[in-house]
Amino acid sequence: MKSNRQQFFTITVTLIAALGGFLFGFDMAVVSGIIDPVKSQFGLSASQEGWFVSCALLGCIIGVLFSGNLSDRIGRKKVLFLAAVLFLVSAAGFAWSTSYTMLIGFRILAGMGVGVASNISPLYISELAPAQQRGRLVTFYQLAITIGILCAYISNLFIQRHAAGASTDGVWGWLFAAEVWRGMFLVGALPAGAFFLLLTIVPESPRWLAQYGRNDEALSILTNISGPEEARREMTAITALSQKPAGGFNELMRPPLRNLLIMAAVLTALSQFSGINAVIFYGPTILKSTGIVASDALLYQVMLGAANTLFTFIAIWKVDSLGRRPLYIIGSLCSAIALAATATCFLAGVTGWGMLLSIMLFLLFFAFSLGPLKFVIATEIFPTHVRGTALSMCILTMWVSDWLVNLLFPMLRDGIGVAATFFIFSACCLVSFFYAKKYLFETKGKTLEEIASGEMLPVGQ
């Protein structure tokens, strides 16, 4: 039984690392409130507006590509510090940008911070979490993303309404009234600064330390997490598998790691092809079509963000008791049904609360399965010496999939219609259901070393 001190240490470290997820969610969502004022102030053309919105994705891809292998070589904690610096510099720099070129530069920096955090934060949490709590603790990262999204929406709404009657004098008035978009982005410097400072009190990953022969440090950290007896057992298992040097992409392309990478990447891509970002980013348009009377688009986003956050608690509650595989299978099937119901509402002209209910049900099922479990699975199934690189490939898959959905949704919506588009999203969830049922294996309650040792074989392989 873990002592209160050990529980406190584990939860504190998890929450600090999860701030990377909060900043990820905040940074990606805050832009929803600044597109129109930036477009108006800088006179952006359609192509410039598109590049302004999408250039952060370029930064995300850059951040993912270098952070995985870098964290395998210099450590998880140092790379998390880098993410905090990127968030802090981009938030402050964007707020004081005076040209379109500066805006783009700082948006790319912000995207790099998102890419690094989306890769390393869940990896770090998984390597410190006790086996019996790992699913729940990694899911805190997904919860932090949804809270970050919700806080960005609430912050934007509050600043927008405050600006209406505020003075435009002085620097404060310039940031939060005259050119309110600057203040919306600058708010992100507060959690970024807190993330940087709090990282100074968390330890390095014990598994990374053992990988480089720093066994005494690793054992000390494991003792703080699990107690001396369990720590010694874990350390024995870790050192038995930590003799290999940091691996790279070439090693991942060889069986059996290649099979694991394919499984994790496919599940990650299908989770994004469910259309979750189309629902989140285009939610105001969709909700207006339900017939519920409301005029404030930012208020719509707060509603969706709150639902997404609330429903993620189901995954935290059940992921370590029911397990990853049952939750993923049930959630993907129910998501397919909810999306098909939404499509049917559009097809039949059903508006109002019936359509809203089907959308909320999709958010419910996604939030306890497809959303958080892709991070849990990808951080668990790879051995330590390639875990950072492998996770970076999975997260890169996520960002490319997001880009495709955001690119294609408006064209599909206007081309084949909203109903047909949602039927496609439903079909992707159905494919995810069958794929997970065949290939996904259960990892609950197992240490990372037990999973990596090859004792657990994928179902259907």
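As the structure is a prediction and not an experimental result, all values here were calculated from the model.

**Student:** What exactly am I supposed to notice about the environment of I314 here?
**Tutor:** For I314, the position within the fold is in helix α17 (residues 297–318). By relative accessible area, I314 is classed as partly exposed at 26%. Each C-alpha atom of the pair I314 and R5 lies 26 Å from the other, and the pair is 309 residues apart in sequence. What I314 contacts, discounting residues up to four positions off in sequence, is L364 and F368.

**Student:** Help me understand the packing of aromatic side chains, please; the structure alone is not making it clear to me.
**Tutor:** For any pair of aromatic rings, the description consists of the separation of the ring centres together with the inter-plane angle of the planes. Applying the stated criterion to the full structure yields 17 aromatic pairs. Judged by centre distance (4.8 Å) and plane angle (35°), the rings of W208 and Y212 are tilted. Among the residues examined, W208 registers a relative accessible area of 6% and is labelled buried. The exposure class of Y212 is partly exposed, given its relative accessible area of 38%. Between F422 and F425, the aromatic rings sit 5.6 Å apart at their centres with planes inclined by 75°, giving edge-to-face as the arrangement. Taken together, the residues span about one helical turn, with F422 and F425 both in helix α22 (residues 418–439) at a distance of three residues. Accessibility classification places F422 together with F425 in one group, the buried group.

**Student:** What am I meant to see in the pattern of salt bridges here?
**Tutor:** When the charged atoms of two side chains with opposite charge come close together, those side chains can pair. Summed over all chains, the structure comprises ten salt bridges. Across the pair R76 and D72 runs a salt bridge whose closest N-O atoms are separated by 2.7 Å. D72 matches R76 in its accessibility class, with the two residues each being buried. Between E229 and R233 there is a salt bridge, with the nearest N and O atoms lying 3.2 Å from each other. Of this pair, E229 and R233 both sit in helix α12 (residues 228–240), four residues apart, which is roughly one turn of that helix. On the basis of relative accessible area, R233 is assigned to the partly exposed category, the value being 47%. Salt bridges linked by common partners bring D72, R76 and E127 together as one network.

**Student:** Any chance you could explain the side chain of S226 here in plain terms?
**Tutor:** For S226, the location among the structural elements is in helix α11 (residues 215–226). On the basis of relative accessible area, S226 is assigned to the buried category, the value being 14%. One polar contact links S226 to E234, side chain to side chain, over a distance of 3.3 Å. When neighbours within four sequence positions are excluded, S226 is seen to be in contact with Q6, A231 and E234.

**Student:** Just to check I follow, could you spell out the packing of helix α5 (residues 100–128) against helix α6 (residues 134–163) for this structure?
**Tutor:** Axes are the key here: two packed helices are described by the angle between their axes and the distance separating the axes. At their nearest, the axes of α5 and α6 sit 9 Å apart, and the two run at 155° to each other. Comparing the axis directions of α5 and α6 gives the class roughly antiparallel. Relative to α6, the crossing made by α5 is right-handed. In contact with A117, S118, S121, P122, I125 and S126 of α5, α6 contributes R134, L137, V138 and Y141. For the contact of α5 with α6, the residue count by class is six nonpolar, three polar and one charged.

**Student:** What exactly am I supposed to notice about the side chain of R182 here?
**Tutor:** Among the secondary structure elements, R182 is positioned in helix α8 (residues 180–186). Only 2.5 Å separates the side chain of R182 from the side chain of E179, close enough to count as a polar contact. Residues within four places of R182 in sequence aside, it is in contact with Q41, F94, A95, W96, S97, W174 and L175.

**Student:** Explain the confidence of the model for the protein to me, please; I cannot follow it from the model alone.
**Tutor:** Keep in mind that low pLDDT regions are not for reading the predicted coordinates in detail. When the pLDDT values of the protein are averaged, the result is 83; 90% of them are 70 or greater. Between the elements of the protein, mean pLDDT differs from a low of 62, seen in helix α16 (residues 283–288), to a high of 95, seen in helix α9 (residues 189–198). This model gives residues 455–461 a pLDDT under 50, and the stretch forms 21 contacts once residues within four places in sequence are excluded.

Basis of the calculations
Residues numbered from 1 in each chain as written. Predicted model: local features only at pLDDT ≥ 70, side-chain atom pairs only at ≥ 80, totals over all residues. Heavy atoms only, no water. Helix = DSSP H or I, 4+ residues; strand = E, 2+ residues; numbered from the N terminus. Buried < 20%, exposed > 50% of the residue type's maximum accessible area, 1.4 Å probe, protein only. Contact = heavy atoms within 4.5 Å. Phe/Tyr/Trp six-rings, centres within 6.5 Å; stacked < 30°, edge-to-face > 60°. Salt bridge = Lys/Arg side-chain N within 4 Å of Asp/Glu carboxyl O. Polar contact = N/O pair within 3.5 Å; in protein donor to acceptor, adjacent residues only side chain to side chain. Axes fitted to C-alpha atoms, helices over the stretch in contact; angles between N-to-C directions. Parallel < 35°, antiparallel > 145°, perpendicular 65-115°, else oblique. Left-handed = near helix turned anticlockwise from the far one by under 90°. Nonpolar A, V, L, I, M, F, W, Y, C, P; charged D, E, K, R; others polar. pLDDT = per-residue confidence, 0-100.

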